[in-house]
There are 2 protein chains.
Amino acid sequence: MTTIRDVAKKAGVSVATVSRFLNGSGYVSADAAKAVTSAVDELKYELNPVARSLNTKQSNLIGLILPDITNPFFPELARAVEDVALTYGYTVVLCNSDENPEKEKNYLNTLKKKYIAGFIVTSNQLDAPHYANMALPIVALDRAINDKIPTVSSNNREGAAMGTNALLERGCKNILFLRGPNELNPANERYQGFMDAIEASGAKYHVVTCPFHFSESQKITDEFLKAHKEIDGIFASSDVSAAGALKAAVTLGIKVPEQLQIVGFDGIAMGEMLSPGLSTVAQDVYKMGAIATRVLIKRIENQPVDQHFYEVPVQLKLRGTTKGVAE
Amino acid sequence: MTTIRDVAKKAGVSVATVSRFLNGSGYVSADAAKAVTSAVDELKYELNPVARSLNTKQSNLIGLILPDITNPFFPELARAVEDVALTYGYTVVLCNSDENPEKEKNYLNTLKKKYIAGFIVTSNQLDAPHYANMALPIVALDRAINDKIPTVSSNNREGAAMGTNALLERGCKNILFLRGPNELNPANERYQGFMDAIEASGAKYHVVTCPFHFSESQKITDEFLKAHKEIDGIFASSDVSAAGALKAAVTLGIKVPEQLQIVGFDGIAMGEMLSPGLSTVAQDVYKMGAIATRVLIKRIENQPVDQHFYEVPVQLKLRGTTKGVAE
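Every value quoted in this text rests on a predicted model; they were computed, and no experiment measured them. (Residues numbered from 1 in each chain as written. Chains lettered and ligands numbered in written order. Predicted model: local features only at pLDDT ≥ 70, side-chain atom pairs only at ≥ 80, totals over all residues. Heavy atoms only, no water.)

1. Section: the packing of aromatic side chains
Rule in force here: Only rings of Phe, Tyr and Trp enter the pairing, Trp through its six-membered ring, and a pair is recorded when the two centres are within 6.5 Å. The plane angle decides the type: under 30 degrees is stacked, over 60 is edge-to-face, the rest tilted. To qualify as a helix, a DSSP run of H or I must reach at least 4 residues; to qualify as a strand, a run of E must reach at least 2; elements of each kind are numbered from the N terminus. Exposure classes here rest on a 1.4 Å probe applied to the protein chains alone. A residue is buried below 20% of its type maximum, exposed above 50%, and partly exposed in between. Note on geometry: a ring has a charge over it if NZ (lysine) or CZ (arginine) is within 6 Å of the ring centre and within 35 degrees of the ring normal.
Per the counting criterion, the structure on display carries 10 aromatic pairs over all chains. Relative to B:Phe235, the ring of B:Phe177 lies with its centre 5.5 Å away and its plane at 25°, an arrangement referred to as stacked. Note that B:Phe177 is positioned in strand β6 (residues 174-179) and B:Phe235 in strand β8 (residues 233-236), a separation of 58 residues in sequence. Accessibility classification places B:Phe177 together with B:Phe235 in one group, the buried group. By way of ring pairs, the aromatic residues A:Phe177, A:Tyr191, A:Phe194, A:Tyr205 and A:Phe235 are connected into one cluster. Against the face of A:Phe265 rests A:Arg190, its NZ or CZ located 4.0 Å from the ring centre.

This is the structure in structure tokens:
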């Protein structure tokens with residue numbers, strides 16, 4: 001195996017010079033740099049990456065902290081992060097936090113000791129000190145962490161207004177909004193977007209808080225629809241909740257979209273598998289993950305980052321749960 | 001910061017002895033070991049994990065190579081691997097291979113240089129030399145790699161016979177089997193299981209090869225059902241294919257389960273969200289991931305592994321696409 005000594009000999013410089021050059025850790029003359037580069041090239045010398053991470057305190061590992069990969073919103077995000085990371089020579093460590101601050105802290109500490117290069121984090125621990133005081137580059141995905149950390153998210157508020165208007169334009173007069181959990185930023189922004197649209201319309205509405213969970217959403221909708229037979233539209237703050245609402249309606253024998261129209265939010269693949277297919281405000285999840293990874297790598301590599309906040313546009317996808325599309 | 005020198009001084013032994021002890025790389029007397037342990041404890045000395053991985057060529061990183069995390073079968077598997085790994089102090093690097101041998105090889109090489117401790121692999125590159133000649137511990141998940149590599153999978157053949165019998169017992173006389181891709185071991189085992197049950201029954205049947213892909217499966221089923229109106233049962237080799245078949249049937253106005261009963265294979269969460277809910281042969285995906293991780297860590301830590309092949313039992317989950325359950 002080629003060693004650093006072989007490179008130094010070939011280049012006609014000292015081992016220390018080769019080391020300084022390869023680790024970017026001190027002054028090397030232009031001539032020496034050129035000689036080392038040719039020697040590395042010629043000898044096909046590969047710097048041991050673990051030794052390198054020890055010297056530069058960087059290991060080309062990115063930590064991806066998300067609540068739970070089995071929540072259907074996250075696999076596509078993870079996929080985008082991994083695809084982009086790979087392009088830049090980074091690999092991704094997967095961390096499921098279950099929204100548990102202790103688990104998040106534990107991951108941050110464990111991975112810092114492995115000289116992780118940076119983190120992409122989806123968390124609602126908005127102002128937790130373990131993020132605020134972090135020296136390593138972080139990018140927040142989906143949910144803002146704090147003002148100091150670059151964030152990538154969808155235009156949730158506008159998107160929710162779009163989804164609500166899709167129901168209003170198709171004749172809904174009495175809309176149930178399945179609002180997401182109060183502690184989640186995106187859920188609050190979507191609530192604001194719903195309120196923007198519904199208050200401008202003068203239509204009747206109800207707001208019920210509902211976790212992003214299928215069978216909980218089914219149960220809540222079932223009870224609500226039994227007590228409020230006048231409901232003719234449901235806007236759900238997530239596709240999983242919308243799927244629960246659709247199942248409740250179908251089970252009660254309510255015809256979708258004839259008697260009741262439904263719109264979700266997310267755009268996960270499952271939506272098209274339902275019958276009828278779920279109309280939804282689709283996030284560009286892959287793009288969100290890709291931007292977050294690119295921004296993180298720029299920060300890791302000390303390149304300028306032009307923006308602090310990235311808002312990725314959503315898109316209305318109409319399928320069979322709203323009128324006018326047979327699918 | 002406490003250094004290895006401080007530990008040596010406190011323990012009254014040489015730095016080399018401390019190093020040998022901490023890295024398990026040579027003989028240390030019982031007295032010295034005791035003294036070093038107390039000194040490490042008292043000084044709260046933390047061995048630098050990157051330095052350690054350099055010395056022991058092990059970094060407590062596990063590589064998880066799977067085709068695509070956005071395929072709904074894999075998130076739960078990844079979750080199980082990460083949960084169990086964390087318990088044993090390992091972290092998981094996520095690698096999407098897209099079933100591309102070049103990408104797999106690239107990951108193996110990149111991660112070996114990071115002194116990855118071992119790999120869990122879901123691949124159909126059964127006998128690829130980059131696996132066969134690998135010095136590091138590997139465990140194969142779902143699809144067997146080769147005879148030398150421990151494998152964890154479901155009892156696919158029995159499971160497929162169970163699924164087929166569920167249709168036969170509920171009166172199906174003319175069954176369409178949506179067979180999975182020929183190059184996948186599990187798909188072939190499920191085909192054998194279907195054949196075992198159908199040939200024993202004397203019922204009529206058709207076999208159509210179909211990728212584990214929703215809209216492809218929908219299209220194939222749609223065409224088949226239009227040409228074969230006598231079909232009264234569909235057994236699909238995956239839940240995603242079964243979801244496509246269900247959508248095709250509903251779109252054609254065929255009543256499920258009254259006119260056509262459907263059973264899938266996998267047990268992914270999406271099944272219960274469909275209307276009617278999808279009857280399926282459910283794999284214990286989490287358990288498969290957990291066993292694979294435990295076996296891999298045993299191999300990494302040179303503990304005895306009692307079995308070479310682990311077959312995790314499947315379970316029939318009847319929902320609304322078969323008769324007798326209203327859901």
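2. Quick word on the relation of the copies chain A and chain B
For the record, the criterion: A residue counts toward the fit only if its pLDDT is at least 70 in both copies, and the copies are then superposed by least squares on the C-alpha atoms of those residues. The contact criterion used throughout is that any non-hydrogen atoms of two residues lie within 4.5 Å.
If you rotate chain A by 180° and push it 0.1 Å along the axis, it lands on chain B with an RMSD of 0.1 Å. In the structure described here, the two chain copies are related by an operation that fits a two-fold rotation axis. For chain A, the residue whose C-alpha comes nearest the rotation axis is A:Val93, separated from it by 2.2 Å. A shared binding surface is used by both copies, with 100% of the interface residues of chain A retained as interface residues in chain B.

3. A closer look at the nonpolar core
To be explicit about the condition: Put simply, a nonpolar core is a bunch of buried Ala, Val, Leu, Ile, Met, Phe, Trp, Tyr and Cys residues held in one set by side-chain atoms that sit within 4.5 Å of each other.
Formed by 54 residues in total, the largest nonpolar core has its most connected members in A:Ile62, A:Ile120, A:Val152, B:Ile62, B:Ile120 and B:Val152. In this structure, A:Ile62 is in contact with A:Ala85, A:Tyr90, A:Thr91, A:Val92, A:Val93, A:Ile116, A:Gly118, A:Ile120, A:Thr293, A:Leu296, A:Ile297 and A:Ile300, ignoring residues within four places of it in sequence. In terms of nonpolar packing, the next biggest core, distinct from the first, is built from 48 residues, A:Val208, A:Phe214, A:Ala243 and B:Ala236 among them.

4. Some remarks on unusual backbone geometry
Residue A:Pro276 follows A:Ser275 across a cis peptide bond; omega there is -10°. Look at B:Asp98: it is not a glycine, yet its phi comes out positive at around 50°. Among the structural elements, B:Asp98 can be located in the loop between β2 (91-96) and α6 (101-113). Taking relative accessible area as the criterion, B:Asp98 reaches 38% and is therefore assigned partly exposed.

5. Points about the pattern of salt bridges
Residue and element names in this part refer to chain B. In plain terms, the rule: Basic side-chain nitrogens of Lys or Arg form a salt bridge, by our definition, when they fall within 4 Å of a carboxyl oxygen of Asp or Glu.
All chains considered together, the criterion is met by 16 salt bridges over all chains. Taking the shortest distance from any N to any O, the salt bridge between Asp196 and Arg157 comes out at 2.8 Å. With Asp196 in helix α9 (residues 185-201) and Arg157 in helix α8 (residues 156-169), this pair connects stretches of sequence that are 39 residues apart. The partly exposed category is assigned to Arg157, whose relative accessible area is 40%. For Glu169, the salt bridge identified is with Arg170, shortest N-O distance 3.9 Å. Residue class for Glu169 comes out exposed when judged on its relative accessible area of 64%.

6. Quick word on the pairing of β2(B)
Consecutive side chains of a regular strand alternate in pointing toward one face of the sheet and then the other. As a reminder of what qualifies: Pairing between strands is defined by DSSP: at least two bridges between the two strands are required.
With six of six residues buried, β2(B) lies mostly within the body of the structure. Burial along β2(B) is two-sided: the face carrying B:Thr91, B:Val93 and B:Cys95 and the face carrying B:Val92, B:Leu94 and B:Asn96 are both buried. The sheet contact formed by strand β2 (residues 91-96) of chain A and β2(B) spans three bridges and is antiparallel. Counterpart to A:Val93 in the pairing with β2(B) is B:Val93. As defined by bridge partners, strand β1 (residues 61-66) of chain B adjoins β2(B) across six bridges and the pair is classed as parallel. Considered in β2(B), the bridge of B:Leu64 is made with B:Leu94.

7. Let's talk about the interface of chain A and chain B
Applied cut-off: Accessible surface is computed with a 1.4 Å probe, and the buried area is the amount of it that two parts give up when combined, taken over both parts together. We define a polar contact as two N or O atoms separated by no more than 3.5 Å, with the added condition that, inside protein, one atom must be a possible hydrogen donor and the other a possible acceptor, whereas residues neighbouring each other in sequence contribute only through side-chain atom pairs.
Taken together, the contact pairs 47 residues of chain A with 47 residues of chain B. Roughly 4,100 Å² of surface becomes buried between chain A and chain B when both sides are summed, with 62% attributable to carbon and sulfur atoms. Applying the counting rule to chain A against chain B returns four salt bridges. At the surface where chain A touches chain B, the tally comes to 14 residue pairs in polar contact (both at pLDDT 80 or more). Where the side of chain A that touches chain B is concerned, the elements lending two or more residues are α4 (49-56), α5 (74-87), β2, α6 (101-113), α11 (239-251) and α12 (270-273) of chain A. When residues of the side of chain A that touches chain B are assigned to their parent elements, the largest contribution, seven residues, is made by α5(A).

8. Points about the side chain of A:Arg319
Looking at where A:Arg319 falls in the secondary structure, it is placed in the segment after β12 (315-317). At a separation of 2.7 Å, a polar atom in the side chain of A:Arg319 contacts the main-chain carbonyl oxygen of A:Leu278.

9. What about the sheet that holds strand β7 (residues 204-209) of chain B?
All names here are of chain B. We count it as follows: For helices, the fitted axis covers only the stretch in contact; all axes are lines through C-alpha atoms, and the angles between them, taken along N-to-C directions, range from 0 to 180 degrees.
Pairing in this open sheet of six strands is mixed, and the strands run β7-β6-β8-β9-β10-β12 from one edge to the other. Every interior strand has two partners, whereas the edge strands, β7 and β12 (315-317), have only one. Recorded for the sheet is a direction-independent mean angle of 20° between the axes of neighbouring strands. When β6 meets β7, the two strands line up parallel, connected through six bridges. In the strand pairing of β7, Leu176 is matched with His206.

10. Overview of the packing of helix α8 (residues 156-169) of chain A against helix α9 (residues 185-201) of chain A
Residues and elements named next belong to chain A. Selection rule: In these notes the angle categories are as follows: under 35 degrees is roughly parallel, over 145 is roughly antiparallel, 65 to 115 is roughly perpendicular, and the rest is oblique. Should the near helix be turned anticlockwise from the far one by less than a right angle, the crossing is left-handed, and should it be turned clockwise, the crossing is right-handed. Each residue gets one label: Ala, Val, Leu, Ile, Met, Phe, Trp, Tyr, Cys and Pro are nonpolar, Asp, Glu, Lys and Arg are charged, and the others, such as Gly, are polar.
Where α8 meets α9, the closest approach of the two axes is 7 Å, and the angle between their N-to-C directions is 40°. Judged on the interaxial angle alone, α9 and α8 are oblique. As for how α8 packs across α9, the hand of that crossing is right-handed. Touching Asn156, Arg157, Ala160, Ala161, Thr164, Asn165 and Leu168 of α8 are Pro186, Glu189, Arg190, Gln192, Gly193, Phe194, Asp196, Ala197, Ile198 and Ser201, all from α9. Looking at the contact of α8 with α9 residue by residue, the class counts come to seven nonpolar, six polar and four charged.

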